[in-house]
Amino acid sequence: MSPEANPAPRSLAESLRMRDDASLAALLRSRPDLITPVPTDLTQLATRAGTRASVLRALERLDRFTLQTAEALAVAPDPASHGTLLGLMAGDAGDAAVAAALPRAVAVLREQALVWGDDDRLRLVRTAQEVLAPSAQHPSPTGLGPSVQEATSGMSPGRIQEIVACAGLPSTHDSVSAVTALTALFADRRKMAKLLAQAPEASREVLSRLVWGPPYGQVTPEPAAHLRWLLDRGLLLPTAPGTVVLPREVALHLREGRAHRAPEPRPPAVEPAATHGAQVVDATAAGQAYTALATVEELLKDWDEGGPAVLRAGGLSVRDLKRTAVALDVSEPVAAFWIELAYAAGLLASDGEADERYAATPAHDEWLEQPPAERWARLAQTWLTATRTPGLIGGRDAKDRTLSALGPGLDRSAAPEVRHRVLALLAGLPAGAAPAAEAILARLRWERPLRGPRPDGEEDLRSRLARWTLAEAELLGITGRGALSAHGRAMLGAATAEQAAAGAESSGPGDKLPVHHRPAAPAEPLTAAEQVVATGAAARLLAPLLPEPLDHVLLQADLTAVAPGPLRRPLADTLGVLADVESKGGATVYRFTPASVRRALDAGRTAADLHAFLTAHSRTPVPQPLAYLIDDVARRHGHLRVGAASAYVRCDDDALLNEILADKRSAALRLRRLAPTVLATQADPAALLEGLRAMGYAPAAESAEGDVLIARAHAHRTPQRTAPEPVPDGPPPPDATLLSAAIRAIRAGDLAATAPRKTTGAAPARGDLPRTGSAETLATVQAAVLTGEALWIGYVNAEGSASQRVIAPIRVEGGFVTAYDHTADEVRTYPLHRITGVAELEE
């Protein structure tokens, strides 16, 4: 196609108009904020793409080299050719790596509508130019200052002529030509080298200190001779009283044409720091996955009858977090991680009562019934997509309030993306390879470089998220010894080492690549449907690695029982009531005490039940001391009966009641005898039960009818709760259906907005709605029905919103016109009284 047939675009809107649908789809996919709501036409799309908020969001998602390219364009002439841009990026000496990477960077900037124009006339959008161009208030990351033209804009013509004369240039008749001549001198490498060769050594030292930025310096009202030499020749230009700046053209000469001191065309490599066997990694990760399940189960069991109270401002108190950490035998940050994970998975929530407390949800009971591997997969999937960030707990929010576990202010929308990216980098390494954390952080900083300075010593959020991701993935069993496990790869939707190797063997001779060079994980997070498939695959890979639950324990003569592995749920639940956990680890040690046996009897078990239970589930004979302990506690259990008077104690053995009254420890209960076999007190029955048990007795509670009350453990549950939804990082990427519909609507709206109209005396200005009388509107529409021509109409809907459309009328009757609407790409009916006017289109 000739240049006349395809002229260079004159604006971003024209550049977008020249794109095909695939290119527009790529733009909307990379910048989803542009499609919310769908623009009416391409002009509105271009306007929205140039807004400050949208441009800043797009710039923050560029990698370091692409951002460096945009920064170089901001200090280049406008428009700039590709050769000029390459010179700024690679310098006078050139750089093969920069030259090879530059076309990709320009293509990304074009795709995201940050740059438009062909290679001979590259232009940054105006907002990006304003954001990235150097200024006194916002220095450029390049370290360059203003151009000669910008720095001399407020300078007197006489002073400009003095500088031109001192620089050895002929005088001119006006300031514009003088500034142009000075700029040409500074851009000429040979002439500048000759000029600087005459400079005193101290003057060259000043330039060397300013060359890489910041380009501003301070001078006294009477500058020294070496500074005066620079000022007289315009090598330093005043910007404010006492402040001078190094002009951009001078700095570029001293830098040998480079806009950046160190262009980074290639991302830092993520190399293995240690290598382990794949089976060792998988086994380690599986062991940690089992520990993760046990920890979450223990947490929810600890809160089974109602957990800590909810703070007035929401969240968990510091004291309750410490208590939970002690109960789980972990540090407070780790306890906070497990609490937040269970909350994000919907396994615990607040109960919503007046005295609001945290408790397990009904979903917890369903979760416990699932196989262990599926339970772990649910936790892992929740962690991968959650925006709540436990690492922030203990810090301060914007209002200097402490961030608490389960409290507000913990959502960070970047967390899922960072987690996915960190695991994807691990998946790109050979199986069993563990990189150093700093290598991961360096790669992430290249992929999403920071814009703007950070306080000294403060790490950016993405780096902290990456560190937390590495630690949490190890806790959860996604990684083992720092390397990604096979089930962790599956969770990302990546092929395992065995699958990749099989693929390599089945491929053609020209397609044989090492396993670790093949794509290991998708570049973007999975869709919901893909994640379900990946989660199922991860569960299947993990299941054979988890220990098989046992149905037995080993009873010992010291009143302990050893569980050599995980126990099946009914056995574990019953044993948890009958005995106290003494130690945990590879094997769990339970200890039988009078209090624990009494707890089992209070729950409705009989001594015979307990003997039968232990005999059935012990690989060793039931020790005699344990049998005696159960019989002794059972014999005394329920001999005393406690009911409500406020409270009373009754017993058929009046001697036992005499013994209680004579015991000094009963003084706090303030007991008094009502009858030979009954004692009464003002204390409530629960306090009376606890007091008598503390004295060594085994009383049983009874109902008003005199029946023994069985005190089974009551599991407190919240009402049905939904898990907290992740907070999205802006609008979600549009799917293919939405993209197709949006592009079709934008194209149709653009057709309506740009369709050529026939010129008439009353033709409206472009962008205004046509205005015609009702009689003229009706006549024009009826004529169009006969001729089959398309019309441009203005239309106001029932909500009062005005729009312009291109329609092909089909029929007119009853005050309505039925027409094919090119804007909506469908047949519609419009009331004639809502049409503001019509205009014929050019043929």
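Above this note sits the structure.
Being a predicted model, the structure only gives us computed values, none of them experimental. (Residues numbered from 1 in each chain as written. Predicted model: local features only at pLDDT ≥ 70, side-chain atom pairs only at ≥ 80, totals over all residues. Heavy atoms only, no water.)

Structural notes on helix α30 (residues 624–636)
Part 1: If you check α30, its first and last C-alpha atoms are 19 Å apart, about what 13 residues at 1.5 Å a residue would give, namely 18 Å.
Part 2: Every buried residue of α30 is accounted for by L626, A627, L629, I630 and V633. The buried side chains of α30 occupy one side of the element, clustering within an arc of 160° when seen end-on. Counted as exposed and oriented over 90 degrees from the buried face of α30: Q624, Y628 and R635.
Part 3: Considering only its buried residues, α30 is in contact with β12 (554–556), α28 (594–602) and α29 (607–617). (Helix = DSSP H or I, 4+ residues; strand = E, 2+ residues; numbered from the N terminus. Expected span 1.5 Å × (residues − 1). Buried < 20%, exposed > 50% of the residue type's maximum accessible area, 1.4 Å probe, protein only. Arc of directions from axis to C-beta. Contact = heavy atoms within 4.5 Å.)

Quick word on the pattern of salt bridges
Opposite charge on two side chains allows them to pair when their charged atoms are near.
Part 1: According to the stated counting rule, one finds 34 salt bridges in the structure shown.
Part 2: Across the pair E264 and R64 runs a salt bridge, and its minimum N-O distance is 3.4 Å. Taken as a pair, E264 in the loop between α15 (248–254) and β6 (272–275) and R64 in helix α5 (residues 64–75) lie far apart in primary sequence, 200 residues in all.
Part 3: On the basis of relative accessibility, which here comes to 28%, the residue E264 falls in the partly exposed class.
Part 4: The salt bridge involving D92 is made with R189; its shortest N-O contact spans 2.7 Å. Of this pair, D92 sits in the loop between α6 (82–90) and α7 (96–111) while R189 sits in helix α12 (residues 189–197), and the two are 97 residues apart along the sequence.
Part 5: Here R189 falls in the partly exposed class, since its relative accessible area comes to 30%.
Part 6: Taken together, the shared-partner salt bridges connect R61, E417, R448 and R462 into one network. (Salt bridge = Lys/Arg side-chain N within 4 Å of Asp/Glu carboxyl O.)

Points about helix α20 (residues 372–385)
Part 1: Between its first and last C-alpha, α20 extends 20 Å over 14 residues, near the 20 Å set by a 1.5 Å rise per residue.
Part 2: Within the span of α20, buried status applies to A373, R375, W376, A377, L379, A380, T382, W383 and L384.

Thoughts on the sheet that holds strand β21 (residues 791–796)
Part 1: With antiparallel pairing, five strands are arranged side by side in an open sheet as β24-β23-β22-β21-β25. The outermost strands of the open sheet, each flanked by one partner alone, are β24 (826–831) and β25 (835–840). Averaged over all adjacent pairs, the angle separating strand axes in this sheet is 45°, with direction ignored.
Part 2: Inspection of the sheet shows β21 paired to strand β22 (residues 802–813) by six bridges, in the antiparallel sense. Bridge pairing in β22 places L791 opposite I807.
Part 3: In the packing of helix α34 (residues 774–787) onto the sheet, contacts are made with β21, β22, β23 (816–821) and β25, and the angle to β22 comes to roughly 60°. (Pairing = 2+ DSSP bridges. Axes fitted to C-alpha atoms, helices over the stretch in contact; angles between N-to-C directions.)

Remarks on the side chain of D41
Part 1: Turning to its location among the elements, D41 is positioned in the loop between α2 (21–30) and α3 (42–49).
Part 2: We note that D41 is buried and unpaired, the nearest opposite charge coming from R17 at a distance of 6.0 Å.
Part 3: A polar contact of 2.8 Å, which involves the side chain of D41, links it to the backbone nitrogen of Q44. (Lys, Arg positive; Asp, Glu negative; His and termini not counted. Polar contact = N/O pair within 3.5 Å; in protein donor to acceptor, adjacent residues only side chain to side chain.)

Remarks on the sheet that holds strand β15 (residues 588–591)
Part 1: On the basis of which strands lie adjacent, the open sheet formed by four strands has the order β12-β13-β15-β14 and antiparallel pairing. A single partner strand is all that each edge strand has here, and the edge strands are β12 and β14 (580–583). Each strand axis lies, on average, 30° off the axis of its neighbour in the sheet, ignoring direction.
Part 2: By the bridge criterion, four bridges tie strand β13 (residues 560–563) to β15 in an arrangement that is antiparallel. Considered in β15, the bridge of A563 is made with T588.

Thoughts on the environment of G815
Part 1: Tracing the sequence through the fold places G815 in the loop between β22 and β23.
Part 2: Residues G815 and P831 lie 16 residues apart in sequence; the distance between their C-alpha atoms is 6.1 Å.
Part 3: Excluding residues that lie within four positions of it along the chain, G815 makes contacts with Y830, P831 and L832.

Here's the deal with a negative patch on the surface
Part 1: A contiguous patch of negative charge, built from D652, D653, D654 and E659, is present on the exposed surface.
Part 2: With respect to the secondary-structure elements, D652 resides in the loop between β17 (647–650) and α31 (654–662).
Part 3: Since its relative accessible area comes to 72%, D652 is described here as exposed. (Patch = residues over 30% accessible without salt bridge, like charges linked within 9 Å, V, L, I, M, F, W, Y side chains within 5 Å. Areas by Shrake-Rupley, 256 points an atom, 1.4 Å probe, with all protein chains shown as cover. Charge placed at Lys NZ, Arg CZ, Asp CG, Glu CD.)

A look at the environment of A490
Part 1: Considering the arrangement of structural elements, one finds A490 in helix α24 (residues 486–491).
Part 2: When its relative accessible area of 6% is taken as the criterion, A490 is described as buried.
Part 3: On a C-alpha basis, the gap between A490 and L542 in space is 9.9 Å, while along the polypeptide they are 52 residues apart.
Part 4: Discounting residues that sit within four places of it in the chain, A490 has contacts with A534, A537, A538 and L541.

Regarding the packing of helix α16 (residues 278–302) against helix α18 (residues 332–344)
Part 1: Following both chains from N to C, one finds α16 and α18 inclined at 80°, their axes separated by 10 Å at the closest point. Classed by the angle they form, the pair α16 and α18 counts as roughly perpendicular. Taken together, the residues of α18 that come into contact with α16 (itself represented by A292, T295, V296 and L299) are W338, I339 and A342.
Part 2: Its residues assigned to classes, the contact of α16 with α18 comprises six nonpolar, one polar and no charged. (Parallel < 35°, antiparallel > 145°, perpendicular 65-115°, else oblique. Nonpolar A, V, L, I, M, F, W, Y, C, P; charged D, E, K, R; others polar.)

Details of the pairing of β22
Part 1: Two successive antiparallel strands, β21 and β22, enclose a turn made up of five residues, where G800 displays a positive phi of approximately 85°.
Part 2: Bridge analysis of β22 against β23 gives six bridges, and the strand direction is antiparallel. Paired with P809 across the bridge in β23 is A819.
Part 3: What sits between β22 and β23 in their antiparallel hairpin is a turn of two residues, with G814 showing a positive phi close to 60°.

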